[in-house]
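Structural characterization, general
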Amino acid sequence: MVADYQHAVKELYELGHELARTPSHKFDLAHMRVLLRALGDPQEKFRSVLIAGTNGKGSTAATLASILEAAGHRTGLYTSPHLVRINERIRVHGKEIPDDDFSAAFARVEEAARRLVASGELPWHPSFFEMLTAMAFLHFERSGVAVAVLEVGMGGRLDATNVVEPLVAVITDIALDHQKFLGNTIGEIAREKAGIVHPGGTVILLPQHPEANDVLGKAVVESGARAVSATPYMPPVTPEAEDASNAMVQVRGCGPRVYHVRRNRYALEILGTTIEVDSPLTGRHQLRNLALAIAAAVELNNAGVRVGAGDIARGIRETRWPGRLQQVPGSPELLLDVAHNPAGAWALRAALSARYGGSETQPPAPITLVFGILRDKAVSEVVDILFPLAERVIATHADNPRSATPEEIAEAGARSGAEVERAATVREALQRAKEITSPEGVIVVTGSIYVVGEALRELQ
């Protein structure tokens, strides 16, 4: 079945990434419903949670899925994009879809798609993301999933995942990204994200940018939905809570330095019980994602999907979501983080400053930045945020036609003051970073998820 799997992956990629397709080919839920109806409407065979937003939706989805698994529910998780293998996008109870199941799901969806195009029921072949979403739904149905946590691919209103009727919708932080497709202002982008708010449904929110708040509030009122604030699940703002949320766990590397990993750890009352929230997803920005996941779990419990306080604590503790402030101890230490837009870059900058900024007794750690980003992102803004923190920068690019070249990145970073080298591949960039970084320093691989994914592949 290896050849079948390789064929399926090849055929999917040949459809082209969704962003390369025209809006008229992507933004039409009616076509997605036609495809799913031909497959027996697998999305109706399980309950679901739908998560949209610009930043944090993957972390929120992974945390919520882990909580549901801890509660004993057979859980599906659908996320995008992937870091190393496309199978990562479709998981059941923490396990990636097996290659044989992947190829079988592809064959079934592809046969239905060709038949519908030939009969005129579909005007064109479904996109890469539509195909993969249908495959995920089929796999979840076949695997007997009880609840599926679905991360929106892009936008929300017309995203292929929005064909489900979710028990709970969640909207994470909204920022500028994908402006070509979603709009040029926070308000315009928020209107697309608000499309997952269904009439009479439940949506989990946190206060955020005023423009987004205004749009989301109007969407809730107009749809007759019920808005639930996740604010009660943010850690209490007290000196004790601040100390607890910055609790440090020592990790000794191979070199002389002792590295400290800051965990999000604090006490919180949930469902009438005080638990310890102890998340491996580090960084202050993750506190908002944790609150959203906890609020969603509580609402699912209220809707009849049993989740206890202990399940929430265990699920948070056991969450695995690589490539997000992921530490690789050693000498020098290596940190991987996806920061592909300005909001993500600011979150990474804050985490680096807190972790490696030094103290009265210890100087700041020298940072070598391995950086690559897609050309259609806000390259100059991200560079301006991150490069000033680095002693050296190695500009590189992933094996993706949308990647900015090292030369383009170096030009964008010319005014940062950082010393910028260029490397043709992520492998070369990692090798060079290890050569020039002292044992007391840290290598930070960031930017595009594709760059972080290629770095993980090399490290593995």
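Residues numbered from 1 in each chain as written. Predicted model: local features only at pLDDT ≥ 70, side-chain atom pairs only at ≥ 80, totals over all residues. Heavy atoms only, no water.

With respect to the sheet that holds strand β7 (residues 202–205)
Taking strand neighbours across the sheet as the criterion, the eight strands line up as β4-β3-β2-β5-β1-β6-β7-β8 in an open arrangement whose pairing is mixed. A strand with exactly one partner marks an edge of an open sheet, and here the two such strands are β4 (95–96) and β8 (226–229). With four bridges joining them, β7 and β8 adopt parallel strand pairing. What sits directly across from Val203, in β8, is Ala227. (Pairing = 2+ DSSP bridges. Helix = DSSP H or I, 4+ residues; strand = E, 2+ residues; numbered from the N terminus.)

Topic: empty space enclosed by the protein
To locate leftover empty space, one rolls a probe as large as a water molecule over the atoms. Counted by the stated rule, this structure contains three cavities of 30 Å³ or more. Its boundaries defined by the atoms lining it, the largest cavity holds a volume of some 90 Å³. Taken together, Thr79, Pro81, His82, Leu83, Glu88, Arg89, Arg91, Trp321, Pro322, Arg324 and Ile449 form the lining of the largest cavity. Looking at the lining of the largest cavity residue by residue, the classes come out as five nonpolar, two polar and four charged. (1 Å grid on protein atoms, 1.4 Å probe; cavity = no way out; pocket = protein on both sides within 12 Å on 5 of 7 lines; lining within 4 Å. Points joined across faces, edges and corners; volume = space filled by probe spheres on them. Nonpolar A, V, L, I, M, F, W, Y, C, P; charged D, E, K, R; others polar.)

Some details on the nonpolar core
Counting 61 residues, the largest nonpolar core has Leu12, Phe102, Leu132, Met135 and Phe140 as the members making the most contacts within it. At 10 residues, helix α6 (residues 128–142) tops the list of elements feeding residues into this core. Aside from chain neighbours lying at most four places away, what touches Met135 is Leu12, Ile90, Phe102, Ala105, Phe106 and Val109. Val149, Tyr233, Tyr266 and Ala313 belong to the second largest nonpolar core, which has 40 residues in total. (Core = buried A, V, L, I, M, F, W, Y, C linked by side-chain atoms within 4.5 Å. Buried < 20%, exposed > 50% of the residue type's maximum accessible area, 1.4 Å probe, protein only. Contact = heavy atoms within 4.5 Å.)

Some words on the pairing of strand β16 (residues 392–395)
Two strands pair when backbone bridges link them, and strand β15 (residues 367–372) and β16 are joined in this way by four bridges, in the parallel orientation. Within the sheet, the bridge partner assigned to Val370 lies in β16 and is Ile394. Between β15 and its parallel partner β16, the chain crosses via helix α14 (residues 379–386), and the hand of that crossover is right-handed. In this structure, β16 lies alongside strand β17 (residues 419–422), joined through four bridges in parallel fashion. Bridge pairing in β17 places Val393 opposite Val420. Taken together, β16, helix α15 (residues 406–412) and β17 form a β-α-β motif whose crossover is right-handed. (Right-handed = clockwise from strand over helix to strand, strands pointing away.)

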